[in-house]
Amino acid sequence: MASIAIDGPAGAGKSTIAKKVAKELGFIYVDTGALYRAIAYDLLKNDVDIDDEKALSAACDGMQVEIRYEDGLQQVYLNGENVTPFLRTEETGNMASKSSAKAPVRAALLELQRDMARRFDVVMDGRDIGTNVLPAAEVKIYLTASSKERASRRYKELVEKGESPDFDQIEADIIERDQRDMNREIAPLKQAEDAVLIDSSDMDIDEVTAAILAAAKERL
Ligand code: DC
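Figured I'd write up the structure that's included with this text. Bear in mind the structure is a predicted one, so any value in this text is a computation, not a measurement.

Take the site of the ligand next. In the vicinity of the ligand lie 16 residues, with Arg37, Arg106, Arg127, Arg177 and Arg184 positioned nearest. One of the side-chain nitrogen or oxygen atoms of threonine 32 is found 3.0 Å away from a nitrogen atom of the ligand. The separation between an oxygen atom of the ligand and a polar side-chain atom of arginine 184 is 2.8 Å. Protein burial of the ligand: of its 440 Å² of free accessible surface, 95% is covered by the chains. Of all the secondary-structure elements, those providing two or more residues to the shell around the ligand are helix H2 (32-45), helix H4 (90-99) and helix H8 (167-183).

Given below as structure tokens:
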């Protein structure tokens, strides 16, 4: 089985690009952020205080997270319920950024991610895939873009959805999320030594996809 690990900060375009690369190669796309979001969703729903170690461990012990594919799209099941439609809100994303720094949360998801890579050829995106989850991945990409560019992409997405977002607030949230994801103790976001760095600030989706496919061609 072969693995392509794509890590990088929020809003760098990882999921869009990873989906395209997976389709092109006939690999399965694993969105690991959705797994952290599923746990965050449950913690919010049950009003768990994530700074209370016992309460957090008990909550994580009681959770069963599964990945299924329906019509080729990843669905995340939590204790048997498909929670995928609830995961892409700002609230869940922000909670995921906080709760994913906690040991019981990371431990709850590590084996699930490794198991996917043992069973399938995968393009897996996240924060610590190349450094921690799949250190032996054949292809590692660190995909980033400036915080201005990432905020501007998010701004456009929200405007297209009919919302009236505040650009400065979006950029501030992105910077805060970067800080948290990069400075946590366990499995922080960082470029793996053997990862190819791609800065997509001035690249379009097709250019980034082509760059990753070229790196994959060399290494697979
Ligand atoms: O990629 P995303 O925005 O869906 O991820 C949500 C949060 O989950 C992100 O802020 C940090 C965390 N995460 C992580 O810690 N490790 C991963 N492999 C993926 C996501």
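As a further point, take the packing of helix H1 (residues 14-25) against helix H9 (residues 205-219). Two elements in contact, H1 and H9, have axes separated by 10 Å at closest approach and are oriented at 50°. Considering their axes alone, H1 and H9 lie oblique with respect to each other. Crossing of H1 against H9: the hand is right-handed. Between H1 and H9, the contacting residues are Thr16, Ile17, Lys20, Val21, Glu24 and Leu25 on the first element and Ile205, Asp206, Val208, Thr209, Ile212, Leu213 and Ala216 on the second. Its residues assigned to classes, the contact of H1 with H9 shows eight nonpolar, two polar and three charged.

Attention now moves to the sheet that holds strand S5 (residues 81-82). Read across the open sheet, the three strands follow the order S3-S4-S5; overall the sheet is antiparallel. Two strands lie at the open edges of the sheet, namely strand S3 (65-70) and S5, each paired on one side alone. Pairing geometry for strand S4 (residues 73-78) and S5, over two bridges, is antiparallel. Each residue of the ladder has a partner; that of tyrosine 77, found in S5, is asparagine 82. Contacts from H2 reach S3, S4 and S5 within the one sheet, and its direction differs from that of S4 by about 35°.

This part takes up the sheet that holds strand S2 (residues 28-31). Pairing in this open sheet of five strands is parallel, and the strands run S2-S6-S1-S7-S8 from one edge to the other. Each edge of the open sheet carries a strand with a single partner, namely S2 and strand S8 (196-199). The average angle at which neighbouring strand axes cross in this sheet is 20°, direction not considered. Pairing geometry for strand S7 (residues 139-144) and S8, over four bridges, is parallel. Its bridge partner being in S8, leucine 143 is matched across the sheet by isoleucine 198. Against the sheet, H2 contacts S2 and strand S6 (122-126), and its axis sits at roughly 40° relative to S2.

Next up on the list: the environment of alanine 5. Structurally, alanine 5 is set in strand S1 (residues 3-7). Alanine 5 sits 132 residues away from alanine 137 along the chain, and the two C-alpha atoms are 6.4 Å apart. For alanine 5, the contacting residues outside a window of four places in its chain are Met124, Ile129, Gly130, Ala137, Val139, Lys140 and Ile141.

On to the layout of surface pockets. By volume, the second largest pocket is sized at about 160 Å³. Every residue along the wall of the second largest pocket is listed here: Cys60, Asp61, Met63, Gln64, Val65, Glu66, Pro104, Ala108, Leu109 and Leu112. Listed by contribution, the elements that provide at least two residues to the lining of the second largest pocket are helix H3 (53-61), S3 and helix H5 (103-119). Here the lining of the second largest pocket takes four residues from H5, the largest share from any one element.

In terms of nonpolar packing, the biggest core is built from 35 residues, with Leu43, Val65, Val76, Met124 and Leu134 touching the most fellow members. Mapped onto this core, the elements with two or more residues apiece are H2, H3, S3, S4, H4, H5, S6 and helix H6 (129-133). Broken down by element, this core gets its largest block of residues, eight residues, from H2. Apart from the residues within four sequence positions on either side, valine 65 is in contact with Leu35, Ile39, Val76, Tyr77, Leu78, Leu109 and Leu112.

Definitions and cut-offs
- Residues numbered from 1 in each chain as written.
- Predicted model: local features only at pLDDT ≥ 70, side-chain atom pairs only at ≥ 80, totals over all residues.
- Heavy atoms only, no water.
- Near = heavy atom within 4 Å.
- Polar contact = N/O pair within 3.5 Å; in protein donor to acceptor, adjacent residues only side chain to side chain.
- Areas by Shrake-Rupley, 256 points an atom, 1.4 Å probe, with all protein chains shown as cover.
- Helix = DSSP H or I, 4+ residues; strand = E, 2+ residues; numbered from the N terminus.
- Axes fitted to C-alpha atoms, helices over the stretch in contact; angles between N-to-C directions.
- Parallel < 35°, antiparallel > 145°, perpendicular 65-115°, else oblique.
- Left-handed = near helix turned anticlockwise from the far one by under 90°.
- Contact = heavy atoms within 4.5 Å.
- Nonpolar A, V, L, I, M, F, W, Y, C, P; charged D, E, K, R; others polar.
- Pairing = 2+ DSSP bridges.
- 1 Å grid on protein atoms, 1.4 Å probe; cavity = no way out; pocket = protein on both sides within 12 Å on 5 of 7 lines; lining within 4 Å.
- Points joined across faces, edges and corners; volume = space filled by probe spheres on them.
- Core = buried A, V, L, I, M, F, W, Y, C linked by side-chain atoms within 4.5 Å.
- Buried < 20%, exposed > 50% of the residue type's maximum accessible area, 1.4 Å probe, protein only.

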